[in-house]
Amino acid sequence: ITNTPLQAFVTLNDTTYVEAARVLAEGILTSGGDTFEDQLIFAWRRALARKPLPEEVKAMRSLYEVMHTQYADDLEAATALVSTGESPRDETLDVSDHAAWTAVCNAILNLDETLTSE
């Protein structure tokens, strides 16, 4: 669901949104807990002020796994993603893990529920 057809193009690709997703991913990896579920709850609460539903956890886990595999196979693309924006990246974080979480956070930040107050 979007307010305009171009909304997703902006929120998924704009440097500011990608950088916001990257920084949120850093928070997940440094303070979000030890399990995928804990980390996802950390992100979901930051963006939506609630816990994710079971079907949302399933969808985000699937996205994370696909993206982690992709970025583990293409560290150059992973490094480019986690270097987006002006904020310096945390070089101690695993690049493929950070990139995969960045993709998940970008999806969360792109949700209609995140973007639109009703």
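Residues numbered from 1 in each chain as written. Predicted model: local features only at pLDDT ≥ 70, side-chain atom pairs only at ≥ 80, totals over all residues. Heavy atoms only, no water.

### Considering the overall build of the protein
Our working rule: Elements are defined by DSSP. Helices are runs of H or I of four residues or more, strands are runs of E of two residues or more, and each kind is numbered from the N terminus. Here's how the labels work: a residue is buried when its accessible area is under 20% of the maximum for its type, exposed when over 50%, partly exposed in between, all with a 1.4 Å probe on protein chains only. Here, two residues are considered to be in contact whenever any of their heavy atoms come within 4.5 Å of each other. In this description, accessible areas are obtained by the Shrake-Rupley approach with a 1.4 Å probe, and a residue is regarded as covered only by the protein chains that are shown.
Within the protein one finds seven helices and zero strands. Reading the helices (α) and strands (β) of the protein from amino to carboxyl end gives α-α-α-α-α-α-α. Each of the 118 residues in the protein was classed as buried or not, and the buried ones make up 42%. For the protein, restricting intrachain contacts to residue pairs at least 6 apart in sequence, the fraction spanning at least 24 positions comes to 66%. Total accessible area computed for the protein in this model is approximately 6700 Å², and 54% of it derives from carbon and sulfur atoms.

### A short note on the side chain of Arg-89
Mapped onto the fold, Arg-89 is located in the loop between helix H5 (75-82) and helix H6 (95-110). Setting aside its immediate chain neighbours within four residues, Arg-89 contacts Arg-22, Glu-26, Val-82, Ser-83 and Val-95.

### Notes on the packing of aromatic side chains
Any aromatic ring pair is given by two values, namely how distant the centres are and how the planes are angled relative to each other. Convention followed: Aromatic pairing here means that ring centres of Phe, Tyr or Trp (its six-membered ring) are within 6.5 Å. Orientation follows from the plane angle: under 30 degrees is stacked, over 60 is edge-to-face, and everything else is tilted. Charge-over-ring placement is defined geometrically: NZ (Lys) or CZ (Arg) within 6 Å of the ring centre, and within 35 degrees of the ring normal.
As enumerated under the stated definition, the model contains three aromatic pairs in all. Each ring, one from Tyr-64 and one from Trp-101, has its centre 5.3 Å from the other, and the planes form 45°; the classification is tilted. With Tyr-64 in helix H4 (residues 54-73) and Trp-101 in helix H6, the pair connects residues that are 37 residues apart, well separated along the chain. For the pair formed by Tyr-64 and Trp-101, the shared burial category is buried. Counting every residue linked through ring pairs, the aromatic cluster contains Phe-36, Tyr-64 and Trp-101. Residue placement shows Arg-46 over the ring face of Phe-42; its charged tip is 3.8 Å from the ring centre.

### Re H6
The condition that has to hold: In this analysis, the expected span of each helix is defined as 1.5 Å times one less than the number of residues it contains.
With 16 residues, H6 ought to run about 22 Å at 1.5 Å a step, and its terminal C-alpha atoms sit 22 Å apart, in line with that. Here H6 lies mainly inside the structure; 15 of its 16 residues are buried.

### Description of the environment of Ala-107
In this fold, Ala-107 is placed in helix H6. Separated by 44 residues in the primary sequence, Ala-107 and Leu-63 place their C-alpha atoms 9.1 Å from one another.

### Digging into the confidence of the model for the protein
How we decide: What pLDDT expresses is the predictor's confidence in each residue, scored from 0 to 100.
With 88% of its residues at a pLDDT of at least 70, the protein reaches an overall mean of 91. Of all helices and strands in the protein, the one with the weakest mean pLDDT is helix H1 (residues 7-13) (66), whereas H4 scores best (98).

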